[in-house]
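Overview (structure and organization)
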Amino acid sequence: MCCIFVANNLIIIAMEKQKTHTSIWLIDNLSRFVFWFFAAVSAIFLVFLIIHLLGFSPKELDLSVEFPTNFKVYEKGTFTLGENVSAITISEASGTINFENAPRLVSVVIPLFVVPLLAALLYILWLFKGFTKNVRLGNAFDPVNIKHLKRMAYIIAGVWLYLQLTVTFYNLFIVQRFDFEGLQFTFKNGSFGSLLFIALFVWVLTHIFQKGAEMEEENRLTV
Amino acid sequence: MAIIVNLDVMLAKRKMMLTELSQRVDITMANLSILKKGKAKAIRFSTLEAICKELDCQPGDILEFRDEPAGESD
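The shown structure was predicted, so the numbers you read here are calculated from the model rather than taken from an experiment.

1. Here's the deal with the overall build of chain A
Regarding its fold elements, chain A presents 5 helices and 3 strands. Along the chain direction, N to C, the helices and strands of chain A fall in the order α-α-β-β-α-α-β-α. Within chain A, the fraction of its 223 residues that count as buried is 29%. Within chain A, counting contacts between residues at least 6 apart in sequence, those at least 24 apart form 72% of the total. Total accessible area on chain A is roughly 15,400 Å²; 68% of this is exposed by carbon and sulfur atoms.

Here it is as structure tokens:
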């Protein structure tokens, strides 16, 4: 019975694959997997955050909170390419600050900053999952798809803005309180320009799909 | 819409049902229904030719232009 069930499902999957391009079928399944995986990870993170906010996390828990940061350095070195040896210097470097046994304010406030990001990313993945499903079913120019694309563009732009504000907050209120002998931290805004570019690209794609929907409708009503 | 489709008039004149026309011209009932109801946005010459051949009529017998005031058209 089990073998018949498995064989049946394999036949259905094979038939479905024949109707759509393999790459679309793969992307659709991958988007579904990524969505559910990310949802599971987010759920675990939220559960842990709630436990920690309520103060039920173990006192012995050595909470490490990592932050990316930039600092000035000045080191001389060499660059060897074949027989050519050139002198080089490093003037700025980036690294990760690791809080060992982070103060409660840091361990509570910083994860709270992550929650809206998680929600936004989860929603984007859910929209994308719906989008790829419609494409796989042959309804690429469905009005629902256009709505999904528009929302994706808005949310990605929102994530970009949020990250810019978060990094500014981090630099103003966290980095200024670092004290390392011999290290000078630089205030450097995160370059999330690629996110904004993606948002604009998806926005343009929305308009292209809208045109496609109009043309499809006109074709459907052409006798 | 300013272009009126008088397919039902021609069908009545030729005493033919829509289903029969659909089978003869090899156009789906759904498409012919769209045409008959005036919801079609465009018609291919090949379709018009097939309908006119079956109904033994001219395109002008099927299609009529009616000058509608602004705001009434699609």
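From this point, the discussion proceeds with the structure in view.
2. Concerning the packing of aromatic side chains
All names here are of chain A. Enumeration over the complete set of coordinates arrives at 9 aromatic pairs over all chains. The interplanar angle of 35 degrees and the centroid separation of 5.0 Å between the aromatic rings of phenylalanine 113 and phenylalanine 169 together place this pair among those described as tilted. Of the two residues, phenylalanine 113 sits in helix H3 (residues 104-136) while phenylalanine 169 sits in helix H4 (residues 143-173), which places them 56 residues apart along the sequence. For phenylalanine 113, a relative accessible area of 24% translates into the label partly exposed. Taking the relative accessible area as the measure of exposure, phenylalanine 169 reaches 27% and is therefore partly exposed.

3. Observations regarding the interface of chain B and chain A
The accessible area lost on association of the parts is a frequent measure of interface size. Listed as interface residues are 11 residues of chain B and, on the opposing side, 6 residues of chain A. A combined buried area of about 750 Å² lies between chain B and chain A, and 62% of that area is made up of carbon and sulfur atoms. Taken as a group, B:Lys41, B:Ala42 and B:Arg44 account for 55% of the area that chain B buries against chain A, more than any other trio of residues on that side. In this assembly, chain B and chain A are joined by 0 salt bridges. Scanning the region where chain B abuts chain A turns up 4 residue pairs in polar contact (both at pLDDT 80 or more). Of all the elements, helix H3 (residues 29-36) of chain B adds the most residues to the side of chain B that touches chain A, at 3 residues. Class assignment of the residues belonging to the side of chain B that touches chain A gives a composition of 6 nonpolar, 2 polar and 3 charged.

The rules we used
Residues numbered from 1 in each chain as written. Chains lettered and ligands numbered in written order. Predicted model: local features only at pLDDT ≥ 70, side-chain atom pairs only at ≥ 80, totals over all residues. Heavy atoms only, no water. Helix = DSSP H or I, 4+ residues; strand = E, 2+ residues; numbered from the N terminus. Buried < 20%, exposed > 50% of the residue type's maximum accessible area, 1.4 Å probe, protein only. Contact = heavy atoms within 4.5 Å. Areas by Shrake-Rupley, 256 points an atom, 1.4 Å probe, with all protein chains shown as cover. Phe/Tyr/Trp six-rings, centres within 6.5 Å; stacked < 30°, edge-to-face > 60°. Buried area = accessible area lost by both parts, 1.4 Å probe. Salt bridge = Lys/Arg side-chain N within 4 Å of Asp/Glu carboxyl O. Polar contact = N/O pair within 3.5 Å; in protein donor to acceptor, adjacent residues only side chain to side chain. Nonpolar A, V, L, I, M, F, W, Y, C, P; charged D, E, K, R; others polar.

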